[in-house]
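Per-entry structural report
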Amino acid sequence: MKQIVKIGADVGNDALKIYMDKANFEGRNKLEVMNLVAPGYKRRIIGSETGHLSNLLDVNIEADGEKLGRFFVGGLAFKENRNDLLEKTKRDIKAKNIDTIILLVTGLAYSLYDPSNPIKTEQIALGTLLPTEEYWYDDEDLVEVYGSKLKRSYTVKFNSPRFNNAEITLNVVEQEIQPESVAGHLASIYNSDGSLKKGMKVKNEVHLGIFIGSITTEVSVYEDGEFNSRGFFGIDLGTSDPLDKIITDLGINMNRHQLDHIIRTGKELKVNVNGQAHDLTDKLTRVKDSRFNYFTRQLVNNINKKLSEQGINPSLITKVNLGGGGAITTFDSFKKEIGLANVNLVEDARFANALGALLSIIAKGNEQEVAADEVLG
């Protein structure tokens, strides 16, 4: 029987984060791909391509034999697009957006690529996530919509010569979809074996989990060892809000992925305007601090209002677990603004949701094995 690979995937609006139960051929068990998808085309390449494989994702994708098309994904879409990138907005529904599937299956195939076995079929047990407000969407069962897309058989053909004509077929034979507010929060509290992380307590404790993404912020309340049903909610605020405003303040032609990369890596911002070179590094620092500080105030204000609406008393919260990619940028200002003691930046904050998704599919498999053993007696 073909081995089933267990993978957790967080399709974030800034990047896809993947966590695997076993290391890939590069010796890594986690990776990320920028959430950028552009129409692909036949490229003119001289010699051999250089760069990391994650930046060479030129793929053709089929679903149950239906050709979906050729796409540039991640770093290649960033570099080789023909001004036809579509960055995510608050109106996008992740469960229905075709780019969600294109990014996800490309990332899964890339994570499972092995140069010694480039053409293969993989059986996957997949843990993945939806934004909280999509998970409990009133008008339609988006969990079912998303789950039905995952049940299709996808074949990903890699066009870059660096991938040795790889063609990987993906069959998701088991899936577990959770709200984004749950997975990362549990992963911040518990180890993979179910034991509490060092220094963590849950009895008589109220944990507030806040995971700051690009488009939304996901919140949950974990009270005395179980989730409070009133404490699940998503807020339509994320790091895209200050990034878009910074681009407007600077008056530059740049997308938010470019700006985010410059901020996170501390690179200088130099631009050419009407034939004149301008160094905007100092101005970027001033504008960035102002915009992100205001964003943090706005976010904390919205969280406190929503907690009050849901009947949750913030003064009873004993620990704040802050995660997501946006948490790294805003931690210091958030800790100051939230006005609560014991604010903790979760371990590996950027990959916390992906790890939580992996743990969820592992736990589901363990539960099924126990149930099967009980039936067999």
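Let us look at the structure shown here. (Residues numbered from 1 in each chain as written. Predicted model: local features only at pLDDT ≥ 70, side-chain atom pairs only at ≥ 80, totals over all residues. Heavy atoms only, no water.)

1. Points about the pattern of salt bridges
As a working rule, side chains carrying opposite charge can pair if their charged atoms are close by. Applicable threshold: When a carboxyl oxygen of Asp or Glu lies within 4 Å of a side-chain nitrogen of Lys or Arg, that pair is called a salt bridge. Relative accessible area decides the class of each residue, using a 1.4 Å probe on protein chains only: under 20% of the type maximum gives buried, over 50% gives exposed, and in between gives partly exposed.
In total, this model carries 26 salt bridges according to the counting rule given. Residue Asp289 pairs with Lys288 through a salt bridge whose shortest N-O separation is 3.7 Å. For Asp289, a relative accessible area of 36% translates into the label partly exposed. One network of salt bridges, with partners in common, ties together Asp14, Lys17, Glu32 and Arg350.

2. What to know about the nonpolar core
Operational definition: We define the nonpolar core as a collection of buried residues of types Ala, Val, Leu, Ile, Met, Phe, Trp, Tyr and Cys that are connected through side-chain atoms lying within 4.5 Å of one another. Secondary structure elements follow DSSP: runs of H or I no shorter than four residues count as helices, runs of E no shorter than two count as strands, and numbering proceeds from the N terminus. Residue contacts follow a heavy-atom distance rule, with two residues in contact if any of their heavy atoms lie within 4.5 Å.
In terms of nonpolar packing, the biggest core is built from 45 residues, with Ile7, Leu104, Leu126, Tyr146, Phe158, Phe163 and Leu170 touching the most fellow members. The biggest single contributor to this core is helix H2 (residues 98-111), with eight residues. Discounting chain neighbours no more than four positions away, the residues touching Leu126 are Ile7, Ala9, Leu104, Leu108, Leu150, Val172, Glu174, Gln175, Glu176 and Ile361. Counting residues in hydrophobic clusters, the runner-up holds 38 residues, among them Leu237, Leu280, Leu299 and Phe331.

3. Brief notes about the sheet that holds strand E4 (residues 37-39)
Put simply, the test is: DSSP bridges decide pairing: two strands pair if at least two such bridges lie between them. Between N-to-C directions, angles cover 0 to 180 degrees, with each direction set by a line fitted to C-alpha atoms, over the stretch in contact for helices.
The sheet built from nine strands is open, its strands ordered E3-E2-E1-E7-E9-E8-E5-E6-E4 with mixed pairing. Each edge of the open sheet carries a strand with a single partner, namely strand E3 (30-34) and E4. Strand-to-strand twist in this sheet, taken as the mean axis angle between neighbours without regard to direction, amounts to 35°. Pairing of strand E1 (residues 4-11) with strand E2 (residues 15-20), which is carried by five bridges, proceeds in the antiparallel orientation. Across the sheet, the residue bridging to Asp10 is Lys17, located in E2. The sheet strands contacting helix H5 (residues 180-189) are E1, strand E7 (119-130) and strand E9 (167-179), and the helix crosses E9 at an angle near 90°.

4. A word on the pairing of strand E5 (residues 57-63)
Successive residues of a regular strand alternate their side chains across the two faces of the sheet. Of all seven residues that make up E5, five are buried, and the element is covered over most of its length. As defined by bridge partners, E5 adjoins strand E6 (residues 66-73) across seven bridges and the pair is classed as antiparallel. Looking at E6, one finds that Ile61 is bridged to Gly69. The antiparallel pairing of E5 with E6 creates a hairpin that spans two residues between the two strands, and Asp64 there sits at a positive phi of about 50°. Sheet topology note: the E5/strand E8 (residues 154-158) ladder contains five bridges and is antiparallel. Residue pairing for E8: Asn60 is matched across the bridge by Lys157.

5. Considering the side chain of Ser111
Worth spelling out the cut-off: Any N or O atom pair separated by 3.5 Å or less is treated as a polar contact, with the protein-specific requirement of one donor-capable and one acceptor-capable atom, and with residues adjacent in sequence counted only for side-chain atom pairs.
Its place among the elements puts Ser111 in helix H2. Among the polar contacts made by the side chain of Ser111, one reaches the main-chain carbonyl oxygen of Leu108 at a distance of 2.7 Å. Here Ser111 is in contact with Ile7, Ile18, Met20, Asn24 and Leu31, once residues within four sequence places are set aside.

6. Structural notes on unusual backbone geometry
Its identity as a non-glycine residue notwithstanding, Asn342 has a phi of 65°, on the positive side. If you trace the backbone, Asn342 turns up in the loop between helix H9 (325-338) and strand E17 (343-345). We classify Asn342 as partly exposed; its relative accessible area is 43%. Positive phi outside glycine occurs at Asp348, with the angle close to 50°.

7. Brief notes about a negative patch on the surface
The criterion, for reference: Only residues above 30% relative accessible area that lack a salt bridge enter a patch, with like-charged residues linked at up to 9 Å and the nonpolar side chains Val, Leu, Ile, Met, Phe, Trp and Tyr linked at up to 5 Å. Methods summary: accessible areas were calculated by the Shrake-Rupley approach with a probe of 1.4 Å, and residue burial reflects only the protein chains presented. We treat Lys and Arg as the positive residues and Asp and Glu as the negative residues; His and chain ends play no part in the count. In plain terms, the charge of a residue is placed at NZ if it is Lys, CZ if Arg, CG if Asp and CD if Glu.
On the surface, a cluster of negative charge is made up of Glu133, Asp138, Asp139 and Asp236. Turning to its location among the elements, Asp139 is positioned in the loop between helix H3 (132-135) and helix H4 (142-150). In this structure Asp139 comes out as exposed when scored by relative accessible area, which is 68%.

8. Things to note about the packing of aromatic side chains
Two aromatic rings are characterised by how far apart their centres lie and by the angle between their planes. Convention followed: Stacked, edge-to-face and tilted labels apply to pairs of Phe, Tyr and Trp rings (six-membered ring for Trp) whose centres lie within 6.5 Å, assigned for plane angles under 30 degrees, over 60, and everything in between, in that order. Comment: the charge-over-ring label is applied if NZ (Lys) or CZ (Arg) is within 6 Å of the ring centre and within 35 degrees of the ring normal.
Here the structure, examined in full by the defined rule, presents 12 aromatic pairs. Ring centres of Tyr110 and Phe163 lie 6.4 Å apart, and the angle between their planes is 80°; on these two criteria the pair is classed as edge-to-face. With Tyr110 in helix H2 and Phe163 in the loop between E8 and E9, the pair connects residues that are 53 residues apart, well separated along the chain. Of the two residues examined, Tyr110 and Phe163, each falls in the buried class. Of the aromatic side chains, those joined through ring pairs into one cluster are Tyr135, Trp136, Tyr190, Tyr222, Phe227 and Phe232. In this structure, Lys30 is placed above the aromatic ring of Phe351, and the distance from its NZ or CZ to the ring centre is 4.9 Å.

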